[in-house]
Amino acid sequence: MTAFRAQRRAPSSLRVHDGDGTFAPRAAVRTRTARPAANELLRWTFPADPSWAAAVRHTVTDRLATVLPHPEQIDNAALATGELFANAVRHAGHGPGDTITVAVECTEHVLRVIVADRSPLPPRPQPTDDCAESGRGLAIVSALTDGWGTAPPEPGSPGKRVWFTMARGRREATP
């Protein structure tokens, strides 16, 4: 069992935006969204605040448990999503009303997670030394996923989208 799965707690009363214009309890989001079909897009909007990082990880973990067969893949995807969310909060969350959108797309063979924020500045991997307290997020995403990249925002929206992909069904190597 990985460290993240060992630290998972029971669902809390945290609230997330589930795409219909309202914030709803996490449990309501989980029960309203059935198992995703191929190519189905699921989308949540969270406040651009670091205190929401756990809610992002738990919401994505709950959803991915229905589409990824291996716990290691779920953990890796949740951690990579958390890193992209943290980057978006740190570099794009400037005001109390700012939000970050997290979307999940599934095809038969590929999972794609997209994190969108309002900043047009692209993410850049940072060189770090062993003592640095930050700057490793994109390296972590790169190590845990099959690939990552950026895309322009959706038409009519400011900012950018940062995404990663993972093959569905592949068993992660364990040391």
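Just above, that's the structure.
Predicted, not measured: the structure shown is a model, and the values here were computed from it.

The rules behind each value
- Residues numbered from 1 in each chain as written.
- Predicted model: local features only at pLDDT ≥ 70, side-chain atom pairs only at ≥ 80, totals over all residues.
- Heavy atoms only, no water.
- Phe/Tyr/Trp six-rings, centres within 6.5 Å; stacked < 30°, edge-to-face > 60°.
- Buried < 20%, exposed > 50% of the residue type's maximum accessible area, 1.4 Å probe, protein only.
- Helix = DSSP H or I, 4+ residues; strand = E, 2+ residues; numbered from the N terminus.
- Lys NZ or Arg CZ within 6 Å of the ring centre and 35° of its normal.
- 1 Å grid on protein atoms, 1.4 Å probe; cavity = no way out; pocket = protein on both sides within 12 Å on 5 of 7 lines; lining within 4 Å.
- Points joined across faces, edges and corners; volume = space filled by probe spheres on them.
- Nonpolar A, V, L, I, M, F, W, Y, C, P; charged D, E, K, R; others polar.
- Contact = heavy atoms within 4.5 Å.

Novice: Honestly, the packing of aromatic side chains in this entry has me stumped. Any pointers?
Specialist: Here a ring pair, both rings aromatic, is described through the centre-centre distance and the interplanar angle of the planes. Within this structure, the stated rule accounts for 2 aromatic pairs. Ring centres 6.4 Å apart and planes at 55 degrees place the aromatic pair phenylalanine 46 and tryptophan 52 in the tilted group. Each member of the pair, phenylalanine 46 as well as tryptophan 52, is classed as buried. Seen from their ring centres, phenylalanine 46 and phenylalanine 85 are 6.2 Å apart, and the 75 degrees between their planes marks the pair as edge-to-face. With phenylalanine 46 in strand S3 (residues 41–47) and phenylalanine 85 in helix H4 (residues 71–92), this residue pair connects regions lying 39 residues apart in the sequence. As far as burial versus exposure is concerned, phenylalanine 46 and phenylalanine 85 are alike and both buried. Site record: aromatic cluster; members linked through ring pairs are Phe46, Trp52 and Phe85. In this structure, arginine 112 packs its charged tip against the face of tryptophan 163, placed 4.8 Å from the ring centre.

Novice: Got a minute to help me understand the layout of surface pockets in this structure?
Specialist: Empty space among the atoms becomes visible once a probe the size of a water molecule is rolled across them. Roughly 220 Å³ of internal volume is contained in the second largest pocket. As for the second largest pocket, its lining consists of 14 residues, and the residues nearest its centre are Thr101, Ala116, Asp117, Ser157 and Pro158. Elements with a minimum of two residues in the lining of the second largest pocket: strand S4 (99–106), strand S5 (110–117) and strand S7 (160–167). Among the elements that take part in the lining of the second largest pocket, S4 stands out by supplying 3 residues, more than any other. Looking at the lining of the second largest pocket, its residues break down into 4 nonpolar, 4 polar and 6 charged.

Novice: Just checking my understanding: could you explain the environment of valine 102 for this structure?
Specialist: With respect to the secondary-structure elements, valine 102 resides in strand S4. By relative accessible area, valine 102 is classed as buried at 0%. The spacing of valine 102 and arginine 161 is 59 residues in sequence and 9.4 Å in space, taken between C-alpha atoms. Here valine 102 is in contact with Leu42, Arg43, Trp44, Phe46, Val56, Val60, Thr81, Val113, Ile114 and Val115, once residues within four sequence places are set aside.

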